[in-house]
Amino acid sequence: MRKDATPLPCIAVESLTGCAGELLVILENLDKLLPFVRVSSFPFAQSKNDDGPVDIAFVEGSVSQPHDLEKLRNIRAKSRWLVAVGNCAVWGCVQGGACAKCKVTDMLEAVYGKSSEIQVLEAKPLDAYVPVDVKLSGCPINTTQFLSVTASILKDHLPYITHKPVCLECKLRENACILIEKNLPCLGPVTAAGCGALCPSMGAACYGCWGPCQSPQMDAMATILTEKGYDAMEVINRLKTFGAPDHLFERMSSETGREA
Amino acid sequence: MSQSLLLKKTDFSIFFQTLKSLGKFFAPVRVSEQSFSFKEIETEAQIAWEALRTILPPKKFFYPPSETLVEYSGNEIREVKPEMNFQVLFGVHPCDLAGLGIMDTIFEAGPADTHYLQRRKESLIIGLSCMPDKYCFCKSMGTSCATKGYDIFLTDLGDAFFVQVETPRGIESLENCRQIFTSVSETDKDNYKDYWERRDKAFTNGFEPDNLRATMDMEWNNEIWDELGKRCLSCGNCTPVCPTCYCFDLVDIASLNGDSGSRVREWDSCQFVGFAQVAGDYNFRPTPVDRLKFWYRHKLHGFDDPYGFKTCVGCGRCTVSCPAGIDDLVDVVKKLQGQRESRNDSSEAGGENESQIK
């Protein structure tokens, strides 16, 4: 590298408890980023990593163990922009949503036995512990969104991320409506878009893997699905699987007396 | 300057081939048991003649769901002109022709939308007659008979089409197959009148439109808005499917090099909570009730004063596209007009809502 060149912005790509789906998407697109950034840390993809300050830290996974939390606080302290990538980091995903029904200690015992030394926390998204600058959900994240978000942050602009529902993307593809024509429990109306309505385009119901859209009408969704004959409890479980937080269900539980 | 001709259905293939040679040919195609979509077709057999309403209306051809308007690089800004190929849009029913007419008025109003207008100019529109189903209510909206917006209109007379050629472009497009058209006889004219009379009597859905304006004004605080709002998913399905919804969002997409990017226009929906969110996180339509009520008013009354028409054309798309069954415009208007026997009334008693919509 030429000595007089302006140093490139530094990025770190880190993982807590997740499936590494986001890391794979970032790795697949690393060639596009490399002319514009220096990757100071990406343990999933490179063996030589440094722990110095970075301009942008992309963090995937939920905080599920004490060492996740320690790592997250360290990342926060050294990063100008902390970007939560993927549903796990933004909403807590299945380990935060579907598993919330069970006590974390019970699950630990069931899986690892009574005398396990493994330490666990209730799975939570990043913003349960530290301020998060940008939340880019996905399961995994969408490449186009990731690159456009990164481009904005490199300019120190707040990126645009759609929080409109999947229904919009689905209608624009002119899919037959899964809810209306197939009576399947499609969660498109309450789920954030960005996937391009992938599942409904294949004739399957959206199961909400990107997390809630902006101001999701959970109670209306539950009403419509129960009218279609789906069991109320099953509907609530379905709505909560990917980490939709409790406060989105407040009206539902207060009006119907249903335990949300 | 309308010119009337007769086209035997046995000669339709020649007509189809002639039109197809003019450019891309789009017609309704079946995409599922209940749904249709305007798609580019290659053969006559792909045309779904039975299609009444497509998922998206023909506005998508002139006002695409996503469109790059400008690209910038350094200090230079370049307008991205629409890439145009001449297109033939076949099988457009009267409600959709009325919808295009309304969109024309909106997009022509200054400052005119040159992209939309250019696409309109580069298109040949072939209208087609239709018999209403239980969701059609164009008759109530005064849009059941096409008076403009098409180059050629076909009325189905059984074994022949009664062809009305309305524009110079329409006449031009028939030049290469002029031999298949004959002049209309008195019997053809009688059959034509008979068809439209039968059609007029075939409507089973609709409402008394005379007091619509007053109803929309007076019933702003009617309790049914709250009932509908509780069911509303804010999914926004009602707006992209509407032939006259034109709201959009502008998004700037930066390139990684930090020096260039583009500004993209995308269809938006007033049903999304972010639509009315403004600086300071203030939202002037924060709840589904606010948004739904606004949309209804916009469709049934909002354009009365500035333009003297309503922006609903009675195509029934919102009714069949609403997963919550609350965009049954006819049902809602009847309720607002005080006709309380409407079907949703049963929901309070039994909680079973199977009867709505489908």
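Residues numbered from 1 in each chain as written. Chains lettered and ligands numbered in written order. Predicted model: local features only at pLDDT ≥ 70, side-chain atom pairs only at ≥ 80, totals over all residues. Heavy atoms only, no water.

> Talk me through the overall build of chain B; I want residue IDs and the actual numbers.
Regarding its fold elements, chain B presents 13 helices and 14 strands. Against the globule reference of 21 Å for 358 residues, chain B gives a C-alpha radius of gyration of 22 Å, in line with a compact fold. Here the C-alpha coordinates of chain B stretch approximately 65 × 65 × 40 Å along the principal axes. For chain B, buried positions account for 54% of its 358 residues. With an accessible surface of roughly 15900 Å², chain B has 49% of that area assigned to carbon and sulfur atoms. A gap of 1 Å separates the mean positions of the 41 positive and 53 negative side-chain charges of chain B. (Helix = DSSP H or I, 4+ residues; strand = E, 2+ residues; numbered from the N terminus. Rg over C-alpha atoms; globule rule 2.2 N^0.38 Å. Buried < 20%, exposed > 50% of the residue type's maximum accessible area, 1.4 Å probe, protein only. Areas by Shrake-Rupley, 256 points an atom, 1.4 Å probe, with all protein chains shown as cover. Lys, Arg positive; Asp, Glu negative; His and termini not counted. Charge placed at Lys NZ, Arg CZ, Asp CG, Glu CD.)

> Give me the lowdown on the domain arrangement of chain A, citing residues and values where you can.
Residue and element names in this part refer to chain A. What the domain assignment lists for chain A is domain 1 (10-154) and domain 2 (166-256). The gap between the C-alpha centroids of domain 1 and domain 2 is 25 Å. With 14 residues of domain 1 at the contact, the number on the domain 2 side is 13 residues. Of all residues in domain 1, Asn87, Trp91 and Cys139 bury the most surface against domain 2, accounting for 43% of the area lost on that side. Our count for the domain 1 to domain 2 interface comes out at zero salt bridges. Our count for the contact surface shared by domain 1 and domain 2 stands at five residue pairs in polar contact (both at pLDDT 80 or more). Residue composition of the side of domain 1 that touches domain 2, grouped by class: seven nonpolar, six polar and one charged. (Domains from an automatic or database assignment. Contact = heavy atoms within 4.5 Å. Buried area = accessible area lost by both parts, 1.4 Å probe. Salt bridge = Lys/Arg side-chain N within 4 Å of Asp/Glu carboxyl O. Polar contact = N/O pair within 3.5 Å; in protein donor to acceptor, adjacent residues only side chain to side chain. Nonpolar A, V, L, I, M, F, W, Y, C, P; charged D, E, K, R; others polar.)

> Now, about the packing of aromatic side chains: what can you tell me, with residues and values included?
All names here are of chain B. In total, this model carries 32 aromatic pairs over all chains according to the counting rule given. With centroids separated by 5.7 Å and ring planes inclined at 90°, the aromatic side chains of Phe15 and Phe181 adopt a geometry described as edge-to-face. Note that Phe15 is positioned in helix α1 (residues 12-20) and Phe181 in strand β10 (residues 181-183), a separation of 166 residues in sequence. As far as the burial class goes, Phe15 and Phe181 line up, both buried. Ring geometry for Tyr63 and Phe107: centres 5.2 Å apart, planes at 55°, overall tilted. Here Tyr63 is found in the loop between β3 (36-40) and β4 (66-73), whereas its partner Phe107 is found in helix α2 (residues 94-108), with 44 residues between them in sequence. With relative accessibility at 0%, the residue Tyr63 sits in the buried group. Assessed through its relative accessible area of 7%, Phe107 is described here as buried. (Phe/Tyr/Trp six-rings, centres within 6.5 Å; stacked < 30°, edge-to-face > 60°.)

> Explain the nonpolar core to me, and be specific about the residues and the numbers.
In this structure, Met221(A), Leu239(A), Trp225(B), Trp295(B), Tyr296(B), Leu300(B) and Leu329(B) are the most contacted members of the largest nonpolar core, which totals 54 residues. Secondary-structure elements contributing two or more residues to this core are α8 (166-172), α9 (178-181), α11 (218-227) and α12 (232-240) of chain A together with α7 (212-218), α8 (224-231), α9 (288-300) and α12 (329-336) of chain B. Looking at this core element by element, the count peaks at six residues for α11(A). Residues contacting Leu300(B), with those up to four places away along its chain left out, are Met141(B), Leu212(B), Met216(B), Lys310(B), Cys312(B), Leu329(B) and Val333(B). (Core = buried A, V, L, I, M, F, W, Y, C linked by side-chain atoms within 4.5 Å.)

> Can you break down the pattern of salt bridges residue by residue, with the values?
Counted by the stated rule, this structure contains 31 salt bridges over all chains. Notably, a salt bridge pairs Asp249(B) with Lys164(A), separated by 2.8 Å at the nearest N-O pair. Here Asp249(B) is found in strand β11 (residues 248-254), whereas its partner Lys164(A) is found in the loop between α7 (143-154) and α8 on a different chain. Across this residue pair, the class does not change: Asp249(B) and Lys164(A) are buried. Arg213(B) is the partner of Asp305(B) in a salt bridge, and the nearest nitrogen-oxygen pair spans 2.3 Å. With a gap of 92 residues between them, Asp305(B) in helix α10 (residues 304-307) and Arg213(B) in helix α7 connect regions that are remote in the sequence. Overlapping salt bridges, with partners in common, bring together Glu67(B), Asp113(B), Arg119(B) and Arg265(B) in one network.

> So what's going on with unusual backbone geometry? Which residues, and what values?
Backbone torsion omega between Cys139(A) and Pro140(A) reads 0°, so that peptide bond is classified as cis. Examined against the element boundaries, Pro140(A) turns out to sit in the loop between β5 (134-136) and α7. Omega for the peptide link from Gly110(B) to Pro111(B) comes to -10°, which places this bond in the cis form. The phi dihedral of Asn183(A) is positive, around 55°, even though this residue is not glycine. Take Asn183(A): it is sitting in the loop between α9 and α10 (198-201). Look at Asn183(A) and you get partly exposed, because its relative accessible area is 40%.

> So, the interface of chain A and chain B: which residues are in play, and what are the values?
Listed as interface residues are 32 residues of chain A and, on the opposing side, 47 residues of chain B. Summing both partners gives a buried area of about 3200 Å² for chain A against chain B, and 62% of it is carried by carbon and sulfur. A per-residue breakdown of the area chain A buries against chain B is headed by Lys171(A), Glu174(A) and Glu227(A), which together make up 22% of the total. On inspection of chain A and its partner chain B, the count reaches four salt bridges. Taking the shortest distance from any N to any O, the salt bridge between Lys164(A) and Asp268(B) comes out at 3.2 Å. Joining chain A to chain B, the criterion identifies ten residue pairs in polar contact (both at pLDDT 80 or more). Of all the elements in the fold, those that place two or more residues in the side of chain A that touches chain B are α2 (30-33), α7, α8, α9 and α11 of chain A.

> If you had to explain the pairing of strand β8 (residues 152-156) of chain B to someone new, which residues and values would you point to?
All names here are of chain B. Among the five residues of β8, four are classified as buried, and the element is accordingly described as predominantly covered. In this sheet, β8 lies alongside strand β7 (residues 123-128) in parallel orientation, the contact comprising three bridges. Across the sheet, Leu128 pairs through a bridge with Leu154, a residue of β8. As paired elements, β8 and strand β9 (residues 160-165) share five bridges and run antiparallel to each other. Residue pairing in the sheet places Asp156 in a bridge with Phe161 of β9. Joining the antiparallel neighbours β8 and β9 is a turn of three residues, in which Gly158 adopts a positive phi near 95°. (Pairing = 2+ DSSP bridges.)

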